[in-house]
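Here is what each chain is made of, one letter per residue.
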Amino acid sequence: MASLSSKMQFLGHTLNMHVNLQQAIAKLKNGEVVAIPTETVYGLAADASNDAALLQIYSIKERPANNPLIVHIADISQVTDWAAEFSPLAQKFAKAFWPGPFTLVLPAKPHVSPVVRGNQPTVALRVPNHALTLQLLNQSGLALAAPSANKFTQLSPTTAAHVAASLGDAIPVLDGGACRVGIESTIVAVQGENWQLLRLGMLPEANIHTVAGLPALRFKQAIKAPGQHLLHYSPRTPIQLFTSREALVKNSNSRTAALLLGAGAVPDGTYFELHNNAADVAQKLYDTLHKMDALNAEKLLIETPPNEPAWLAILDRLTRAAH
Ligand code: AMP
Ligand code: MG
């Protein structure tokens, strides 16, 4: 392997521009972007209080300016640096789910830049559950805006190699291995004692209800979470969901590739199998879709997950990918 990597460097093609923790901190403090690991997906990070740095995120991702960015913080004590209100209910959520794949959307303090807010009156905050990223946040003293490190509407990256595949190998990457959760965070907006689910993640929805105690309320003034496009999380190859293995066998051929969840009849052509377990499938989903996309198949046939609580976030992402 050593000879392969030196050969690739000789040819001027490193697979990624890897940086270590200290290099990542130096770059971020200098207003540069760095792709960072989290437990959900890799993020393209920049200093959340530096507009020039934030604008690079939008331009590299080709992300519309009205799609707000999630601000990653080291711990709960930093919420009030950004949020104008941290209500008892919001505190309950934070204490229950941080660090973890859970984002709180709260009313923003007036000084919070409209660039990070995507012009919304709210700010999104999360304490990620990833040891290396927590070290990065703690040692840099920065809060980091970090949307998924991929081009707008493309598949999210769950490895350092995925980042380079989408954004090119000039983007510095702090490699923290494959993401453990594999699907973007759950997003909940809170104002006072009212809350609203804005995006499903792998955190079971029932846990949110248990902590809230009260059912979700629609706000009089709806909280907007722009950027939840139907055309999202998409490979380049068209996706079709199937429910029965009979339909799969009928629709598959040498130009299709299929993704199977658990045992059953297998199709013609290439196929990938994942265990019929939601956490496992979430962890491997984007990596498998990246691999399937690279086959240049005519169509990707994907098994529809069960319509059960544990699978809803996966179902949501696949429905968007198939749109
Ligand atoms: P991601 O691209 O996975 O980092 O998630 C970003 C998404 O979080 C956005 O597309 C919005 O849906 C939501 N979001 C982020 N910041 C805000 C905010 N200030 N107000 C409302 N929703 C937000
Ligand atoms: Mg994204």
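Here the structure is a predicted model, which is why all the values come from computation and not from measurement. (Residues numbered from 1 in each chain as written. Chains lettered and ligands numbered in written order. Predicted model: local features only at pLDDT ≥ 70, side-chain atom pairs only at ≥ 80, totals over all residues. Heavy atoms only, no water.)

1. Side note on the environment of Ser87
Locating Ser87 in the fold gives a position in the loop between helix H4 (79-82) and helix H5 (88-97). According to the relative accessible area criterion, Ser87 is buried, its value standing at 7%. Each C-alpha atom, one on Ser87 and one on Thr40, is 26 Å from the other, the two residues being 47 residues apart in sequence. Once you skip the residues sitting within four places of it in the chain, Ser87 turns out to touch Val190, Gly192 and Glu193. A distance of 2.7 Å separates a polar atom in the side chain of Ser87 from the backbone oxygen of Gly192. (Helix = DSSP H or I, 4+ residues; strand = E, 2+ residues; numbered from the N terminus. Buried < 20%, exposed > 50% of the residue type's maximum accessible area, 1.4 Å probe, protein only. Contact = heavy atoms within 4.5 Å. Polar contact = N/O pair within 3.5 Å; in protein donor to acceptor, adjacent residues only side chain to side chain.)

2. Observations regarding helix H2 (residues 21-29)
Within the sequence span of H2, burial applies to Leu21, Ala24, Ile25, Lys27 and Leu28. Taken around the axis of H2, the buried residues stretch over an arc of 165°, which confines them to a single face. (Arc of directions from axis to C-beta.)

3. A look at the sheet that holds strand S12 (residues 256-261)
The strand order S11-S14-S12-S13 describes an open sheet built from 4 strands, whose pairing is parallel. Lying at the two open borders of the sheet, with one neighbouring strand each, are strand S11 (239-242) and strand S13 (270-274). If you compare each strand with its neighbour and ignore which way they point, the axes differ by 20° on average. Pairing geometry for S11 and strand S14 (residues 299-303), over 4 bridges, is parallel. (Pairing = 2+ DSSP bridges. Axes fitted to C-alpha atoms, helices over the stretch in contact; angles between N-to-C directions.)

4. Some points on the site of ligand 1
Lining the immediate environment of ligand 1, one finds 17 residues, of which Thr122, Arg199, Lys224, Pro226 and Gln228 sit closest. Note that an oxygen atom of ligand 1 is positioned 3.3 Å from one of the side-chain N or O atoms of Arg63. Within the side chain of Thr122, one N or O atom sits 2.7 Å away from a nitrogen atom of ligand 1. Considered on its own, ligand 1 offers 490 Å² of accessible surface; in the complex 95% of this is hidden by protein. Judged by the proximity of its atoms to the pocket grid, ligand 1 belongs to the largest cavity. Looking at which element gives the most residues to the shell around ligand 1, the answer is strand S6 (residues 122-126), with 3 residues. Taken together, the residues of the shell around ligand 1 break down into 10 nonpolar, 3 polar and 4 charged. (Near = heavy atom within 4 Å. Areas by Shrake-Rupley, 256 points an atom, 1.4 Å probe, with all protein chains shown as cover. 1 Å grid on protein atoms, 1.4 Å probe; cavity = no way out; pocket = protein on both sides within 12 Å on 5 of 7 lines; lining within 4 Å. Sits in = over half its atoms within 2 Å of the grid points. Nonpolar A, V, L, I, M, F, W, Y, C, P; charged D, E, K, R; others polar.)

5. Some remarks on empty space enclosed by the protein
Evaluation of the coordinates by the stated rule reveals 1 cavity of 30 Å³ or more. As a volume, the largest cavity reaches approximately 540 Å³. Along the wall of the largest cavity there are 41 residues; nearest its centre are Arg63, Pro68, Ile70, Ile187 and Arg199. Contributions of two or more residues to the lining of the largest cavity are made by strand S4 (70-72), helix H6 (114-117), S6 and strand S10 (194-199). (Points joined across faces, edges and corners; volume = space filled by probe spheres on them.)

6. Let's talk about the side chain of Asn150
Note that Asn150 resides in the loop between strand S7 (144-145) and helix H8 (160-167). A relative accessible area of 2% means that Asn150 is categorised as buried. A polar contact of 3.0 Å, which involves the side chain of Asn150, links it to the backbone oxygen of Gln154.

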